[in-house]
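# Summary of the model geometry
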Amino acid sequence: MDVSPIGLVRVAVISLLGAAIFGTGTAPAESPGASRPAASACPSDDSGLKLSPGFCATVFADDTGHARHLVVSPDGVVYVNTWSGRYYAGDGKTQPPDRGFLVALKDTQGTGKADVNQRFGETLNSGGAGGTGIALYDGFLYVEINDKIVRYKIQRGSIVPKGPPQTVVMGLPLGGDHPMHPFAIDAGGSMYVDVASATNSCQVKNRTLNSKGEDPCVELETRGGIWRFDARMLNQAFTPSRRFATGIRNGEGFALEAAAHRVYVTQHGRDQLHANWPDLYQAEEEATLPAEEVLSISRGADFGWPECYYDPGQKKLVLAPEYGGDGGKKVGPCATKTGPVAAYPAHWAPNDLLYYDKQAFPARYRNGLFIAFHGSWDRAPYGQQGYNIVFQSLTGDKAGGTCEIFADGFAGPLKTPGTALYRPGGLGLGPDGALYVSDDVHGRIYRIVYSGSAEAGSGQVTPCPDAAAGAGPISAVSEKPPEGTNPDAGAKLPVPPGASADMVALGNRIFHGEVGGAACTGCHGADGAGTPLGPSLADNQWLWSDGSVAGIASTITQGVMQPKQYRAPMPPLGGAQLSPEQVKALAAYVWGLSHRQQ
């Protein structure tokens with residue numbers, strides 16, 4: 001579930017002095033297959049990324065805020081939309097109240113790094129919260145802000161607009177699990193807007209153990225699909241009649257294939273199959289089901305949410321447990337729904353999509369898709385995955401034979417939501433063929449180019465894992481032992497009154513998924529220090545109890561279905577089937593975390 005986390009329109013093109021990256025002044029970029037001396041191939045690769053052979057990356061800009069989607073103008077201005085929504089609860093540093101959410105970046109010196117950085121648009125003081133979607137069309141910059149899509153006129157010779165914005169679409173639904181509105185605009189001015197679901201699977205009680213799905217799912221009247229508007233018209237009101245396609249839980253990323261008039265969109269698969277339906281799904285299936293998807297949308301298409309999810313092992317849509325599914329065997333109405341173009345491992349969170357049709361990369365990358373995976377949280381206690389850029393070849397409107405991990409290393413040593421240094425969010429493409437990637441942790445913008453240091457199409461690439469691959473080993477403890485992340489590393493946790501050291505030790509194992517099947521680390525982090533999805537358990541600041549063992553145990557038992565500050569509800573018992581003794585042990589462990597340094 002991510003809010004994440006995003007798709008962009010690629011109508012505008014970039015001209016970002018790509019030749020200067022190679023130290024050749026104003027000379028045109030060389031052909032993809034040309035060889036170059038290794039010393040000059042990528043003279044300022046400071047990205048820390050692991051890339052496919054022949055590519056290199058530079059940090060174009062840094063610390064721009066929670067950078068979501070981006071787009072670049074024909075004269076080389078990189079426009080970024082930043083967000084300060086509920087996903088970043090507790091973050092008061094990144095977005096000062098008088099700073100605009102929109103960022104304009106430009107490299108005027110040909111160094112491959114932005115030396116101009118200007119902010120504009122709505123601020124916290126003016127009631128803004130930023131957004132995800134952004135696009136250029138017909139001389140206007142289109143951006144999502146709160147419940148609207150507005151546009152700014154870009155005057156010749158200026159990188160930031162002078163006048164106020166005009167409202168294009170208003171009244172877009174906000175709130176719920178997925179309040180973002182990514183969008184794309186095709187050459188004819190059709191604006192495709194994702195209005196994602198407010199819930200995980202349209203349960204009567206969202207993300208709750210054994211809660212049935214609403215039937216019919218009333219939410220589908222205004223959420224869970226793609227809406228189409230006219231980018232050239234002002235003051236269009238959101239209305240159910242504008243729905244273009246349905247059954248899409250969270251379509252963050254868009255890509256346009258202009259020649260074939262195709263519109264692709266990513267789909268974040270639903271969460272918590274095992275957590276909410278432990279009698280039907282094994283613990284490891286929380287990490288492996290369902291697949292993430294790329295869809296090819298058309299008017300009236302129904303992709304199945306919330307009744308259906310895509311099982312990558314069976315390679316088909318199957319009936320969800322909320323609607324009578326039996327753990328993956330029944331198909332029912334899913335037989336009539338539309339399946340994906342391509343499928344990827346569960347919970348990787350595909351936040352943006354880009355169709356590559358330039359000449360600068362080797363031929364194998366042309367007419368295919370780049371996908372920005374924001375990274376998983378719902379694979380805990382198994383190792384989290386994603387946090388990378390994948391390339392997917394296409395044959396017509398179906399996945400081709402090539403799928404590779406194109407760029408990795410964004411997260412740093414640990415791939416978890418709470419520890420990731422950077423997380424891919426948006427993708428942009430220039431006429432020189434450079435690929436731009438945004439990060440929404442610190443707002444880093446990367447620029448990736450083909451250096452020509454390897455023969456076109458040669459070199460060993462890293463293939464994508466099979467979407468049906470297993471969960472792997474439980475890794476929370478081996479990745480980052482909780483006792484090794486504090487100044488008193490190696491010290492034992494304090495034991496609360498009435499408990500024992502053995503009880504705290506059992507609670508440690510439950511917290512990290514070794515016993516009971518709970519996925520506590522997915523929201524609270526491997527060390528309990530919190531993530532964007534859930535609060536810290538180590539600071540003795542309590543939102544739902546007095547911090548006593550009994551109070552903590554009560555919160556675990558009842559769950560937190562309407563969080564006060566965070567966006568991810570916690571189901572009762574953490575979505576597991578914990579015994580009363582296990583709840584007491586887990587509460588004792590959490591108490592110990594909060595009293596470690598007192």
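Residues numbered from 1 in each chain as written. Predicted model: local features only at pLDDT ≥ 70, side-chain atom pairs only at ≥ 80, totals over all residues. Heavy atoms only, no water.

### Focus on the overall build of the chain
To keep things clear, this is the line we draw: A run of H or I in DSSP counts as a helix once it spans at least four residues, and a run of E counts as a strand once it spans at least two, with each numbered from the N terminus. Remark: exposure states derive from per-residue accessible area (1.4 Å probe, protein chains only) relative to the maximum for the residue type, with buried under 20%, exposed over 50%, and partly exposed in between. For every accessible area listed, the method is Shrake-Rupley and the probe measures 1.4 Å; residues are considered covered only by the protein chains on display.
What the chain contains, in helices and strands, is 9 helices and 29 strands. With 598 residues in all, the chain has 59% of them scored as buried. For the chain, the computed accessible surface area is about 21700 Å², with 52% contributed by carbon and sulfur atoms.

### What about the environment of W83?
Topologically, W83 is positioned in the loop between β4 (78-82) and β5 (102-106). Along the sequence, W83 and G65 sit 18 residues apart, while their C-alpha atoms lie 7.7 Å from each other.

### Overview of the pairing of strand β23 (residues 368-373)
Our working rule: Only when DSSP finds a minimum of two bridges between them are two strands counted as paired.
Within β23, 6 of the 6 residues are buried, leaving the element largely enclosed by the surrounding structure. Sheet analysis places strand β22 (residues 350-356) next to β23, joined by 6 bridges and oriented antiparallel. Within β23, the position partnered with Y356 by the bridge is G368. Pairing geometry for β23 and strand β24 (residues 388-395), over 5 bridges, is antiparallel. Bridged to F373 within β24 is N388.

### Regarding the pairing of β4
Counted residue by residue, β4 has 5 buried out of 5 residues, so it is predominantly covered. Across the two faces of β4 the burial is the same, with V78, V80 and T82 and Y79 and N81 all buried. Taken together, the 4 bridges between strand β3 (residues 67-72) and β4 define a ladder with antiparallel strand orientation. Pairing of V72 across the sheet is with V78, part of β4. Both β4 and β5 contribute to a ladder of 4 bridges, which runs antiparallel.

### Topic: the confidence of the model for the chain
Segments scoring low in pLDDT should not have their predicted coordinates read at a detailed level. Going by this rule: Known as pLDDT, the predictor's confidence for each residue is given on a scale from 0 to 100. Residue contacts are counted whenever heavy atoms from the two residues lie within 4.5 Å of one another.
In the predicted model, the chain carries a mean pLDDT of 86, and the fraction of residues at 70 or more is 87%. Scored below 50 in pLDDT, residues 1-40 makes 156 contacts in the model with residues more than four places away or belonging to other chains. Below pLDDT 50 for its whole length, residues 477-491 participates in 29 contacts with residues either more than four positions away or in separate chains.

### Re helix α8 (residues 549-558)
Along α8, the residues that are buried comprise G551, I552, A553, T555 and I556. Elements in contact with the buried residues of α8: α9 (580-594). Just downstream of α8, G559 is the residue with a positive phi angle, here 80 degrees.

### Side note on the packing of aromatic side chains
Basically, it comes down to this: Pairs were defined over the aromatic rings of Phe, Tyr and Trp, the Trp ring being its six-membered one, requiring ring centres within 6.5 Å. Orientation was assigned from the angle between planes: stacked under 30 degrees, edge-to-face over 60, tilted for the rest. Each ring is checked for a lysine NZ or an arginine CZ that lies within 6 Å of its centre and within 35 degrees of its normal; such an atom marks a charge sitting over the ring.
Tallied over the entire structure, the rule returns 27 aromatic pairs. Between the aromatic rings of Y356 and F361, the centroid separation amounts to 4.5 Å while the plane-to-plane angle is 10 degrees, which identifies the pairing as stacked. Residue Y356 shares its accessibility class with F361, and that shared class is buried. Connected via pairs of aromatic rings, a cluster forms that spans F55, Y356, F361, Y365, F370, F391, F406 and Y450. It is R151 that lies over the ring of F140; its NZ or CZ is 3.8 Å from the centre. Sitting over the face of the ring of W544, K564 holds its NZ or CZ atom 4.5 Å from the ring centroid.

### A few points about the state of the cysteines
Test applied: In this description, a disulfide is simply a cysteine sulfur pair whose atoms lie within 2.5 Å.
Taken as a whole and judged by the stated rule, the model has 3 disulfides. Across a sulfur-sulfur distance of 2.0 Å, C202 and C217 are joined as a disulfide pair. On the sign convention where negative is left-handed, the bridge of C202 and C217, at about 100 degrees about the S-S bond, is right-handed. Here C202, found in the loop between β12 (190-195) and β13 (225-230), pairs with C217, found in the loop between β12 and β13; they are 15 residues apart in sequence, far enough to count as distant. Disulfide pairing is shown between C308 and C334; the S-S distance is 2.1 Å. One quick way to see it: the torsion about the S-S bond of C308 and C334 is about -100 degrees, and its sign makes the bridge left-handed. With C308 in strand β19 (residues 308-311) and C334 in the loop between β20 (316-319) and β21 (342-344), the pair connects residues that are 26 residues apart, well separated along the chain. The burial state of C308 is the same as that of C334; both residues are buried. Unpaired in terms of disulfides, C520 finds its nearest cysteine sulfur in C523, a separation of 9.1 Å.

### Some words on the packing of helix α6 (residues 501-511) against α9
The criterion, for reference: Inter-axis angles, ranging from 0 to 180 degrees, are taken between N-to-C directions of lines fitted to C-alpha atoms, where helices are fitted over the stretch in contact. Note on angle classes: values under 35 degrees are labelled roughly parallel, values over 145 roughly antiparallel, values of 65 to 115 roughly perpendicular, and the remainder oblique. For this classification, the nonpolar set comprises Ala, Val, Leu, Ile, Met, Phe, Trp, Tyr, Cys and Pro, the charged set comprises Asp, Glu, Lys and Arg, and every other residue, Gly included, is treated as polar.
Their axes nearest at 7 Å, the elements α6 and α9 cross at an angle of 95 degrees. If you check the angle between α6 and α9, you find them roughly perpendicular. Together, M503, V504, L506, G507, N508, I510 and F511 of α6 and Q582, K584, A585, L586, A588 and Y589 of α9 make up the contact between the two elements. Each residue belonging to the contact of α6 with α9 can be placed in one class, and the counts come to 9 nonpolar, 3 polar and 1 charged.

### Let's talk about the environment of L105
With respect to the element layout, L105 can be found in strand β5. The class of L105 is buried, set by a relative accessible area of 0%. Linking L105 and V77, residues 28 residues apart in sequence, is a C-alpha distance of 5.6 Å. The residues contacting L105, other than those within four sequence positions of it, are F60, A61, T64, G76, V77, V78, V80, A114, V116, N117 and I445.

### Quick look at the sheet that holds strand β26 (residues 424-429)
As summarised here, the arrangement of the 4 strands in space is β2-β28-β27-β26, forming an open sheet in which the pairing is antiparallel. Each edge of the open sheet is held by one strand with a lone partner, namely β2 (55-61) and β26. Strand-to-strand twist of the sheet, defined as the mean angle between neighbouring strand axes without regard to direction, takes the value 25 degrees. As paired strands, β26 and strand β27 (residues 435-439) are joined by 5 bridges and run antiparallel to one another. Opposite G428, over in β27, you have Y436 as the bridge partner.

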